[in-house]
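# Commentary on secondary and tertiary structure
Below, each chain spelled out in residue letters.
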Amino acid sequence: MNWFRKLYNWVLSWAETKYSMTVLFLLAFAESVFFPIPPDVLLIALALGASSKAFKYAFTCTLGSVLGAFLGYAIGNLAWLTAAGEFSSFANFFFNNVPGFSIELYENIKILFTNWDFWVIFTAGFTPIPYKVFTITAGAFNINLGMFALASIVSRGARFFLIAWLIWKFGPSIKNFLNKYFNLLALSFTIFLIGGFVLIKYII
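This write-up is about the structure you can find in this document. (Residues numbered from 1 in each chain as written. Predicted model: local features only at pLDDT ≥ 70, side-chain atom pairs only at ≥ 80, totals over all residues. Heavy atoms only, no water.)

## Topic: the environment of L81
Residue placement: L81 occurs in the loop between α4 (54-78) and α5 (89-97). Between the alpha carbons of L81 and A140 there is a distance of 7.6 Å; along the sequence they are 59 residues apart. (Helix = DSSP H or I, 4+ residues; strand = E, 2+ residues; numbered from the N terminus.)

## Quick notes on the layout of surface pockets
Empty space left among the atoms is revealed by rolling a probe the size of a water molecule over them. What the largest pocket holds in volume is close to 730 Å³. If you go around the largest pocket, you meet 31 residues; those closest to its centre are Y8, P38, D40, V41 and N183. Counting only elements with at least two residues in the lining of the largest pocket, the list comes to α1 (2-13), α3 (40-49), α8 (131-140), α9 (145-170) and α10 (175-203). Tallying contributions element by element places α10 first for the lining of the largest pocket, with six residues. By residue class, the composition of the lining of the largest pocket is 20 nonpolar, three polar and eight charged. (1 Å grid on protein atoms, 1.4 Å probe; cavity = no way out; pocket = protein on both sides within 12 Å on 5 of 7 lines; lining within 4 Å. Points joined across faces, edges and corners; volume = space filled by probe spheres on them. Nonpolar A, V, L, I, M, F, W, Y, C, P; charged D, E, K, R; others polar.)

## Looking at a nonpolar patch on the surface
There is a patch of nonpolar side chains on the surface, built from F55, F59, L63, L67, F70, L145, F161, L162, W165, W168 and F170 and spanning about 970 Å² of accessible area. For the nonpolar patch, the elements supplying multiple residues, two or more each, are α4 and α9. On the secondary structure map, L145 appears in helix α9. By relative accessible area, which is 41% here, L145 ends up partly exposed. (Patch = residues over 30% accessible without salt bridge, like charges linked within 9 Å, V, L, I, M, F, W, Y side chains within 5 Å. Areas by Shrake-Rupley, 256 points an atom, 1.4 Å probe, with all protein chains shown as cover. Salt bridge = Lys/Arg side-chain N within 4 Å of Asp/Glu carboxyl O. Buried < 20%, exposed > 50% of the residue type's maximum accessible area, 1.4 Å probe, protein only.)

## Let's talk about helix α2 (residues 20-31)
In this model α2 runs 16 Å from its N-terminal to its C-terminal C-alpha over 12 residues, within 8% of the 16 Å that 1.5 Å per residue would give. Within α2, burial applies to S20, V23, L24, L27, A28, A30 and E31. Summarising the axial view, the buried residues of α2 lie within an arc of 165°, below the 170-degree limit, and thus occupy one face. (Expected span 1.5 Å × (residues − 1). Arc of directions from axis to C-beta.)

## Here we look at the environment of S102
Take S102: it is sitting in the loop between α5 and α6 (103-116). Judged by its relative accessible area of 31%, S102 is partly exposed. Separated by 64 residues in sequence, S102 and L166 have C-alpha atoms that sit 35 Å apart. Within the structure, the side chain of S102 is placed 3.1 Å from the backbone nitrogen of L105, a separation counted as a polar contact. (Polar contact = N/O pair within 3.5 Å; in protein donor to acceptor, adjacent residues only side chain to side chain.)

## Examining the nonpolar core
In terms of nonpolar packing, the biggest core is built from 31 residues, with W80, F94, F101, F113, I121, F134 and A138 touching the most fellow members. If you list the elements that add at least two residues to this core, you get α4, α5, α6, α7 (118-126), α8 and α9. Here the element with the most residues in this core is α7; it accounts for seven residues. Here F113 is in contact with V120, I121, F134, T137, A138, F141 and I143, once residues within four sequence places are set aside. (Core = buried A, V, L, I, M, F, W, Y, C linked by side-chain atoms within 4.5 Å. Contact = heavy atoms within 4.5 Å.)

## Focus on the packing of aromatic side chains
Summed over all chains, the structure comprises 23 aromatic pairs. Both rings, one in F118 and one in W119, keep their centres 5.2 Å apart while their planes meet at 85°; by these two values the pair is edge-to-face. On the basis of relative accessibility, which here comes to 18%, the residue W119 falls in the buried class. Consider the rings of F118 and F122, whose centres lie 6.3 Å apart with planes at 15°: the pair is stacked. Here F122 and F118 lie together in helix α7, a separation of four residues that amounts to about one turn. For the pair F118 and F122, a shared accessibility class is recorded, and that class is buried. (Phe/Tyr/Trp six-rings, centres within 6.5 Å; stacked < 30°, edge-to-face > 60°.)

See the structure below:
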């Protein structure tokens, strides 16, 4: 995983440059399609360096991520399968080169979309689950675009603005907490949220 650490450090190095905002947008955009490093890394570094701009960084991050999600959706919808219904060479490239993306996972996600639709995208967008896998598969399975857009905006915005708010509120003291526990808490919150809706559904 040495390459991953180098890539991680390379992303962080942009925090001290005049291009940091542009790189944050591009990173968030790319992460929704193929890039393995989440934009949270740079978002946290930038917000810690200028907490007064934390929400501006969160907005930039959200915008880039959602626009990238639309590109992922378009790839899945237009370039994932051949006319015969087989995986295209483009799809096989993703399976072979994007970490965590496999044919088995692709098939399992299809079942999740059938049962949960909105909540699948929300969970992928808010938690540490690889978002890119779900933006592309949403397009491949022709998930309703309006629902996809709403779930992406809500989940990505909630994640990035929550990080920005925590840094704005608590400053550098929150950094270790974010690095160690944020993803776990985000995942736990999502499980309880979905569980609550499932409970309401069965009660009603």
